[in-house]
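# Coordinate analysis (summary)
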Amino acid sequence: MPFSEHDLHQVGDTLALASRTEIMPRFRKLTSAQIRQKSSALDLVTDADEAAEAVIGAALRAAFPGALIVGEEGTSKNPSLLPAVGSAELAFLVDPIDGTKNFVCKLPLFGVMAAATIRGEIVGGVIYDPVVRDWAYALRGGGAWMEQEDGSRMPLRVAKPVPVSAMEGIVGTGFLPEPLRSTVLANLKKLAASANLRTAAHEYRLAAAGYVHMLLYNKLMPWDHAAGWLLHQEAGGYSAHFDGTPYRVTHLTGGLICAPDEFSWNLVRTAMLEP
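Being a predicted model, the structure only gives us computed values, none of them experimental.

## Digging into helix α5 (residues 180-187)
- What α5 keeps buried is the set Thr183, Val184 and Asn187. Viewed along the axis of α5, the buried residues span an arc of 95°, placing them on a single side of the element.
- On the buried face of α5, the contacting elements are β10 (168-171) and α8 (262-273).

## Observations concerning the side chain of Asp134
- Within the secondary structure, Asp134 sits in strand β7 (residues 134-139).
- Given the relative accessible area of 7%, Asp134 is considered buried.
- Within the local environment of Asp134, its side chain forms a polar contact with the side chain of Arg205, the two groups lying 2.7 Å apart.
- In contact with Asp134, not counting residues within four places along its chain, are Ile127, Tyr128, Asp129, Met146, Glu147, Gln148 and Arg205.

## Here's the deal with the packing of helix α1 (residues 5-23) against helix α2 (residues 47-63)
- In contact at an axis separation of 9 Å, α1 and α2 are set at 145° when each is read in the N-to-C sense. The hand of the α1/α2 crossing is right-handed. Here α1 contributes Gln10, Val11, Thr14, Leu15, Leu17, Ala18, Glu22 and Ile23 to the contact with α2, which in turn contributes Ala48, Ala51, Ala52, Val55, Ile56, Ala59, Leu60 and Ala63.
- Here the contact of α1 with α2 is built from residues that sort into 13 nonpolar, two polar and one charged.

## Quick notes on empty space enclosed by the protein
- Tallied over the entire structure, the rule returns one cavity of 30 Å³ or more.
- A volume near 40 Å³ is recorded for the largest cavity.
- In this structure, the largest cavity is lined by Gly120, Glu121, Ile122, Arg140, Trp229, Tyr247, Arg248 and Val249.
- Classifying every residue of the lining of the largest cavity by side-chain character gives four nonpolar, one polar and three charged.

## Focus on the sheet that holds strand β12 (residues 214-217)
- Ordered in space as β11-β10-β12-β14-β13, the five strands form an open sheet in which the pairing is mixed. In this open sheet, the two strands that pair with only one neighbour each are β11 (193-195) and β13 (238-240). Sheet twist, expressed as the mean angle between neighbouring strand axes with direction ignored, is 15°.
- Direction of pairing for β12 relative to strand β14 (residues 256-259): antiparallel, over a ladder of three bridges.

## Some words on the packing of aromatic side chains
- In total, this model carries twelve aromatic pairs according to the counting rule given.
- With 5.5 Å between their ring centres and 45° between their planes, Trp229 and Tyr247 make a pair best called tilted. Residue Trp229 is located in helix α7 (residues 222-234), and its partner Tyr247 is located in the loop between β13 and β14; the two are separated by 18 residues in the primary sequence. By the burial criterion, Trp229 is buried, and Tyr247 matches it.
- A connected cluster of aromatic rings, assembled from ring pairs, spans Tyr128, Trp135, Tyr137 and Trp145.

Conventions we followed
- Residues numbered from 1 in each chain as written.
- Predicted model: local features only at pLDDT ≥ 70, side-chain atom pairs only at ≥ 80, totals over all residues.
- Heavy atoms only, no water.
- Buried < 20%, exposed > 50% of the residue type's maximum accessible area, 1.4 Å probe, protein only.
- Helix = DSSP H or I, 4+ residues; strand = E, 2+ residues; numbered from the N terminus.
- Arc of directions from axis to C-beta.
- Contact = heavy atoms within 4.5 Å.
- Polar contact = N/O pair within 3.5 Å; in protein donor to acceptor, adjacent residues only side chain to side chain.
- Axes fitted to C-alpha atoms, helices over the stretch in contact; angles between N-to-C directions.
- Left-handed = near helix turned anticlockwise from the far one by under 90°.
- Nonpolar A, V, L, I, M, F, W, Y, C, P; charged D, E, K, R; others polar.
- 1 Å grid on protein atoms, 1.4 Å probe; cavity = no way out; pocket = protein on both sides within 12 Å on 5 of 7 lines; lining within 4 Å.
- Points joined across faces, edges and corners; volume = space filled by probe spheres on them.
- Pairing = 2+ DSSP bridges.
- Phe/Tyr/Trp six-rings, centres within 6.5 Å; stacked < 30°, edge-to-face > 60°.

Encoded structure:
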C-alpha cells in the first residue's frame, strides 16, 4: 500500500483543522477543571488534547477507511492499541498537543504531530505549528520540507558536521535512569550549548532545519518521535538507539540520538553517555 504526498497533505490538513477548531480557541483560556494529571504533575492532559484527538481520529478514519488510529490520549485508556502498530497495514500515530505543559503554561510553543506507518515502517510524518500555522512534512524516500499556508516550500537539511565542542544540542534528561542521568548532566559542558524546549515537535523541526546539531532522548513513545524521526532522516540525518541499533516505531526503550551523520553520532554518543 503506497503512501503518497497527497495522502500526507490530507493528514496535514487534518492537523490544521483540529488546531483551528479545538486547540487555539482554548489556548490561554483553560480553567483548572479542564487540566488533569496523568502519571505525574509533568504529564498533563487537557480538554484541548482530547477534543483535538477526537477530531483528528474521525477525519483520518473517514479519509483512510480501515486504518488503525493510535493517539496518545486514546492509548492511555486502551493500551492494547499500541502493539498493533507493528502489523497494521496502515496506522496513524497521533500526538494532538505535543508540549501540553507549555500549552497549559500559556507558552506559544507546542505542536500537533502525526506519523503514518505501513506494517511498522514509518512512511510519512507531519508536524504542524498551530501558532505560526505552518507544516513540517516528511515522506519516506521523498524528502523533508517546510510548507506555508500559501503552498510555498523550503527543503529541510540537517546541520553540517562539527566537533562536539561546537555542537548545539537538545538533550532530554528527565526520563534517563540513574546513574546515566547524572553522567549525561555532567557531560553537557562538552557541548557549545544545550536546551530542552519541552516539546519534541519543535525540537525535531529545529534539528531537521539545521538549527541544532544533535538530539538525545530516552523515553520513546511513538507519537512523540515517529514523525520527527522521519523528518530528521529525510533531511539527511543519522539516528540510532544508544547501543547503535536502528530506531523502530515499535521500540519504546533504548534511548535515541540524532546527529548530522554517523561519524557525528558516534562522537555524540561517546561524549554524552560515557563517564
